[in-house]
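Chain by chain, the residues:
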Amino acid sequence: MKNNIKVQRAIHNLTQQDLAERIQVSRQTINALEAGKYVPSTVLALKLAKLFDKSVNDIFELEATD
Amino acid sequence: MKTSYLFAHWFKTISGILFVLSFILFVSFYAFDQFGNFEYKAKVFAIIGNDGFLGNNDIFDWVENSIVDEVLATIVIVSGVVFAFAKEKHEDEMVQSIRLHSLAWATIANYGILLFCYLFVYGLPFLNVLMGAMFSQLIIFIILFRYKMYRFYTTQQDEE
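As annotated in an unreviewed UniProt entry, chain A carries the name XRE family transcriptional regulator and is attributed to Flavobacterium rivuli WB 3.3-2 = DSM 21788.

Caption draft 1: Main features of the environment of Ala42(B). Residues and elements named next belong to chain B. Along the chain, alanine 42 falls in strand β1 (residues 41-49). Separated by 23 residues in sequence, alanine 42 and asparagine 65 place their C-alpha atoms 5.7 Å apart. Those residues in contact with alanine 42 that lie beyond four places of it in its chain are Val63, Glu64, Asn65 and Ile67.

Caption draft 2: Broad picture of a nonpolar patch on the surface. All names here are of chain B. Residues Phe45, Ile47, Ile48, Ile59, Phe60 and Trp62 make up a contiguous nonpolar surface patch of about 720 Å² in total accessible area. Relative to the helices and strands, tryptophan 62 resides in strand β2 (residues 58-66). On the basis of relative accessible area, tryptophan 62 is assigned to the exposed category, the value being 51%.

Caption draft 3: Spotlight on the nonpolar core. Counting residues in each nonpolar core, the largest one holds 39 residues, and the members touching the most others are Ile5(A), Leu19(A), Ile30(A), Leu33(A), Leu48(A), Phe52(A) and Phe26(B). Those elements that provide at least two residues to this core are α2 (16-22), α3 (27-34) and α4 (42-52) of chain A together with α1 (11-31), α2 (68-84), α3 (93-120) and α4 (126-153) of chain B. Considering each element in turn, this core owes the most residues, seven residues, to α4(B). Each of domain 1 (1-87) and domain 2 (88-160) of chain B accounts for three or more of the residues forming this core. Dropping the residues within four chain positions of it, Leu19(A) is found in contact with Ile5(A), Arg9(A), Leu14(A), Ile30(A), Leu48(A), Leu51(A) and Phe52(A).

Caption draft 4: Structural detail: the packing of aromatic side chains. All names here are of chain B. Applying the stated rule across the entire model yields 15 aromatic pairs over all chains. Between the aromatic rings of phenylalanine 152 and tyrosine 153, the centroid separation amounts to 5.9 Å while the plane-to-plane angle is 45°, which identifies the pairing as tilted. The exposure class of tyrosine 153 is partly exposed, given its relative accessible area of 31%. Counting every residue linked through ring pairs, the aromatic cluster contains Phe19, Phe23, Phe26, Phe29, Phe35, Phe38 and Phe135.

Caption draft 5: Representation of the interface of chain B and chain A. Opposite the 13 residues of chain B that make contact, chain A presents 18 residues. Taken together, both faces of the contact between chain B and chain A bury some 1300 Å²; the carbon and sulfur share is 46%. Applying the counting criterion to the chain B and chain A interface returns zero salt bridges. One can count five residue pairs in polar contact (both at pLDDT 80 or more) joining chain B with chain A. Broken down by secondary-structure element, the contributors of at least two residues to the side of chain B that touches chain A are α3 and α4 of chain B. Residue contributions to the side of chain B that touches chain A peak at three residues, all from α3(B). Along the lines of polarity and charge, the residues of the side of chain B that touches chain A split into three nonpolar, five polar and five charged.

Caption draft 6: Seen up close, the UniProt feature "domain: HTH cro/C1-type" (unreviewed entry) in chain A. Annotation from UniProt places "domain: HTH cro/C1-type" (unreviewed entry) at residues 5-59 of chain A. Secondary structure across residues 5-59 of chain A divides into 67% helix and 0% strand, with the first and last C-alpha atoms of the span separated by 6 Å.

What counts and what doesn't
- Residues numbered from 1 in each chain as written.
- Chains lettered and ligands numbered in written order.
- Predicted model: local features only at pLDDT ≥ 70, side-chain atom pairs only at ≥ 80, totals over all residues.
- Heavy atoms only, no water.
- Helix = DSSP H or I, 4+ residues; strand = E, 2+ residues; numbered from the N terminus.
- Contact = heavy atoms within 4.5 Å.
- Patch = residues over 30% accessible without salt bridge, like charges linked within 9 Å, V, L, I, M, F, W, Y side chains within 5 Å.
- Areas by Shrake-Rupley, 256 points an atom, 1.4 Å probe, with all protein chains shown as cover.
- Salt bridge = Lys/Arg side-chain N within 4 Å of Asp/Glu carboxyl O.
- Buried < 20%, exposed > 50% of the residue type's maximum accessible area, 1.4 Å probe, protein only.
- Core = buried A, V, L, I, M, F, W, Y, C linked by side-chain atoms within 4.5 Å.
- Domains from an automatic or database assignment.
- Phe/Tyr/Trp six-rings, centres within 6.5 Å; stacked < 30°, edge-to-face > 60°.
- Buried area = accessible area lost by both parts, 1.4 Å probe.
- Polar contact = N/O pair within 3.5 Å; in protein donor to acceptor, adjacent residues only side chain to side chain.
- Nonpolar A, V, L, I, M, F, W, Y, C, P; charged D, E, K, R; others polar.
- UniProt positions renumbered as here; feature names shortened; annotations may be inferred.

Here it is, written out as structure tokens:
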């Protein structure tokens, strides 16, 4: 699964630490999400979407291997 | 996400210290056969107990036994379980996924080792395998989980 969290974060001018605090996860989790090493739960995906004021589909995208 | 089965974070340090100390003590007592030199006899309640290998079984009865090893094993197991399942400082869903992953691998590795020992260790030395099996899964899980968490915490900040 691909995501554009890094882009969204840049648009909202947030550091990884800021974003982590807003959605109550650790900074390392944001790092792993951006690197595509971790697929978040639906709850976390919805929290991100709400924070960025986008729909989940605008942030996350399925890949051919999924 | 809320989890109810984990222990509070402040248990982690104290149980970790207690676990390492009691485990080292237990292993060295066992390895150097020192339980006989540090005896503290007490009457204990036994569901099944017997004296030596050829004695009769006492069922649901009080028997005399040195309780040093029981006390030590209790400390090792309780502190080990609490340490293994204490919350991280920033407990989130990724930590939970790492914990689950470590637990699964620890179970697979543990039973791999046990099967290997079952097939290739015979006679009285097998008692050592049974003794090790009491703690092996917990130990493997703790080592694996701590290593993965160390790797997780030391990931470089990737920002532009």
